[in-house]
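# Structural overview
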Amino acid sequence: MKNQEFKKFLFRSAVMTMACDGHIADEEVSEIENMVLNEIYFMGLDYEDLLKDGLDNIKIKGKLAINQYLQELNSIELNEHQEILLIEVILKIIEADSKIQTAEIKFLQLVKSKLKIEEQTLIVKFPRQIDYLIDFNNYGFNDVFMEEIELSKAK
């Protein structure tokens, strides 16, 4: 996937992760903004409209938006480096509010199931997150994200 397209897809991945549990925590928004401003893989990305559009899409479509994202992920070609960055961004958003939700783990496992990268490679790269990376509950065997989503802003 080309660089500019990948930046937007990676950003959408962060938004999907943030919203998949139905709550938008201030810490998650701050983490997204921090990544956009400080990580080279988001360099130059104008994200404000992308964030608003992504959240509006999820508010309207709920879990359908997540499943459309997963279908898109299934159909694109990412190299190993891009797959690692994708998992890194998802993990950063999952951990941003210090509350690891089951819906977030399900989303991570569904994303992981669509990638070619081996689980062992991810565990070596992200050893502190081994408990999220290993699919103990077989969430990745599902084809779709089943959690209902009604977005609310965390207080």
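As the structure is a computational prediction, the values presented were derived from the model and not from experiment. (Residues numbered from 1 in each chain as written. Predicted model: local features only at pLDDT ≥ 70, side-chain atom pairs only at ≥ 80, totals over all residues. Heavy atoms only, no water.)

Here the focus is the overall build of the protein. Within the protein, the secondary structure is distributed over 8 helices and 2 strands. Relative to the 2.2 N^0.38 estimate, which gives 15 Å for 155 residues, the radius of gyration of the protein is 14 Å and therefore close to what a compact globule would have. Each of the three principal axes of the protein carries a C-alpha extent, and together these read 35 × 35 × 30 Å. A buried classification covers 48% of the 155 residues belonging to the protein. For the protein, the proportion of contacts with a sequence separation of at least 24, taken over those separated by at least 6, is 81%. For the protein, the computed accessible surface area is about 8400 Å², with 49% contributed by carbon and sulfur atoms. (Helix = DSSP H or I, 4+ residues; strand = E, 2+ residues; numbered from the N terminus. Rg over C-alpha atoms; globule rule 2.2 N^0.38 Å. Buried < 20%, exposed > 50% of the residue type's maximum accessible area, 1.4 Å probe, protein only. Contact = heavy atoms within 4.5 Å. Areas by Shrake-Rupley, 256 points an atom, 1.4 Å probe, with all protein chains shown as cover.)

With that out of the way, let us pick up the packing of helix 1 (residues 3-19) against helix 3 (residues 48-61). Across the interface, helix 1 lies against helix 3 with an axial gap of 10 Å and an inter-helix angle of 45°. Here helix 1 lies oblique to helix 3, going by the angle between them. Judged by the sense of rotation from one axis to the other, the crossing of helix 1 with helix 3 is right-handed. Two secondary-structure elements touch here, helix 1 through Lys8, Phe11, Val15, Met16, Met18 and Ala19 and helix 3 through Leu50, Leu51, Gly54, Leu55, Asn57 and Ile58. In terms of residue class, the contact of helix 1 with helix 3 is built from 9 nonpolar, 2 polar and 1 charged. (Axes fitted to C-alpha atoms, helices over the stretch in contact; angles between N-to-C directions. Parallel < 35°, antiparallel > 145°, perpendicular 65-115°, else oblique. Left-handed = near helix turned anticlockwise from the far one by under 90°. Nonpolar A, V, L, I, M, F, W, Y, C, P; charged D, E, K, R; others polar.)

Interpretation in functional terms is not warranted from these geometric data alone.
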